[in-house]
Amino acid sequence: MQKLKEILKAHPGKREDIIPLLQDIQEEYGYLPENVLRELSKSTRVSEGQIYGIATFYAQFRFKPKGRKHVTVCTGTACHVKGSDQIIDTIKRHLKIEEGETTPDHEYSLEAVGCIGCCSLAPCAMINEKVISRIKPRQIKRLLPKKGHRVST
Ligand code: FES
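The structure displayed is predicted, hence computed values, not measured ones.

1. Here we look at the overall build of the protein
Next, step 1: Along its length, the protein carries seven helices and four strands.
Next, step 2: For the protein, the sequential pattern of α-helices and β-strands runs α-α-α-α-β-α-α-β-β-β-α.
Next, step 3: Projected onto the principal axes, the alpha-carbon positions of the protein cover approximately 55 × 35 × 25 Å.
Next, step 4: Evaluated residue by residue, the protein yields a buried proportion of 38% over its 153 residues.
Next, step 5: Within the protein, counting contacts between residues at least 6 apart in sequence, those at least 24 apart form 58% of the total.
Next, step 6: A total accessible area of about 9400 Å² is found for the protein, and carbon and sulfur atoms account for 50% of it.
Next, step 7: For the protein, the distance from the average site of its 26 positive side-chain charges to the average site of its 18 negative ones is 8 Å.

Dropping the structure here:
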């Protein structure tokens, strides 16, 4: 809870700063851990229900840790037109997770986002910081190999 204490120091006594506090917590922990939110509730005297109400309203907040490989699929207009829905569906079927989820082995997590700034190369996705341009559904198994599965190249 040392990290949380430092975050709270940056927003002393500001109950109305729940969103910046949640942003800082997510920045530090990678997501919003349940025990940290409980502590935040005690420190700010904002009920856990209110904190969850705020956090669930905004798509930016995560309640589960990201996978070692965080897969981000662009669903902006250019990528949507070029078939980003198919990419997401293929990844969901392949990894057996939904958007916002992480595989049980914590290897992969999946998120859909707005434009990532490479529209001329649509459809695009990212695996951590690496952009994959003109991605096709048939590439998914090779790009996201599962442990214990042999990958042919
Ligand atoms: S819409 Fe996908 S990169 Fe811009």
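2. Description of the domain arrangement of the protein
Next, step 1: Looking at the assigned domains, one finds that the protein contains domain 1 (2-57) and domain 2 (69-143).
Next, step 2: Summarising the inter-unit geometry, the C-alpha centres of domain 1 and domain 2 are found 29 Å apart.

3. Some remarks on the packing of aromatic side chains
Next, step 1: One pass over the structure, following the stated rule, counts three aromatic pairs.
Next, step 2: Ring centres of Tyr52 and Phe63 lie 5.9 Å apart, and the angle between their planes is 20°; on these two criteria the pair is classed as stacked. With Tyr52 in helix 4 (residues 48-57) and Phe63 in the loop between helix 4 and strand 1 (69-74), this pair connects stretches of sequence that are eleven residues apart.
Next, step 3: By relative accessible area, which is 25% here, Tyr52 ends up partly exposed.

4. So, the packing of helix 2 (residues 18-29) against helix 3 (residues 34-44)
Next, step 1: In contact at an axis separation of 12 Å, helix 2 and helix 3 are set at 145° when each is read in the N-to-C sense. In this structure, helix 2 meets helix 3 at a crossing whose hand is right-handed. Contacts from Ile18, Leu21, Leu22, Ile25 and Tyr29 of helix 2 reach helix 3 at Val36, Leu37, Leu40 and Thr44.
Next, step 2: Tallied by class, the residues present in the contact of helix 2 with helix 3 amount to eight nonpolar, one polar and no charged.

5. Remarks on the layout of surface pockets
Next, step 1: Here the largest pocket is characterised by a volume of approximately 170 Å³.
Next, step 2: The wall of the largest pocket is formed by Ala59, Phe61, Arg62, Phe63, Glu99, Gly100, Glu111 and Ala112.

Reading the values: the criteria
Residues numbered from 1 in each chain as written. Predicted model: local features only at pLDDT ≥ 70, side-chain atom pairs only at ≥ 80, totals over all residues. Heavy atoms only, no water. Helix = DSSP H or I, 4+ residues; strand = E, 2+ residues; numbered from the N terminus. Buried < 20%, exposed > 50% of the residue type's maximum accessible area, 1.4 Å probe, protein only. Contact = heavy atoms within 4.5 Å. Areas by Shrake-Rupley, 256 points an atom, 1.4 Å probe, with all protein chains shown as cover. Lys, Arg positive; Asp, Glu negative; His and termini not counted. Charge placed at Lys NZ, Arg CZ, Asp CG, Glu CD. Domains from an automatic or database assignment. Phe/Tyr/Trp six-rings, centres within 6.5 Å; stacked < 30°, edge-to-face > 60°. Axes fitted to C-alpha atoms, helices over the stretch in contact; angles between N-to-C directions. Left-handed = near helix turned anticlockwise from the far one by under 90°. Nonpolar A, V, L, I, M, F, W, Y, C, P; charged D, E, K, R; others polar. 1 Å grid on protein atoms, 1.4 Å probe; cavity = no way out; pocket = protein on both sides within 12 Å on 5 of 7 lines; lining within 4 Å. Points joined across faces, edges and corners; volume = space filled by probe spheres on them.

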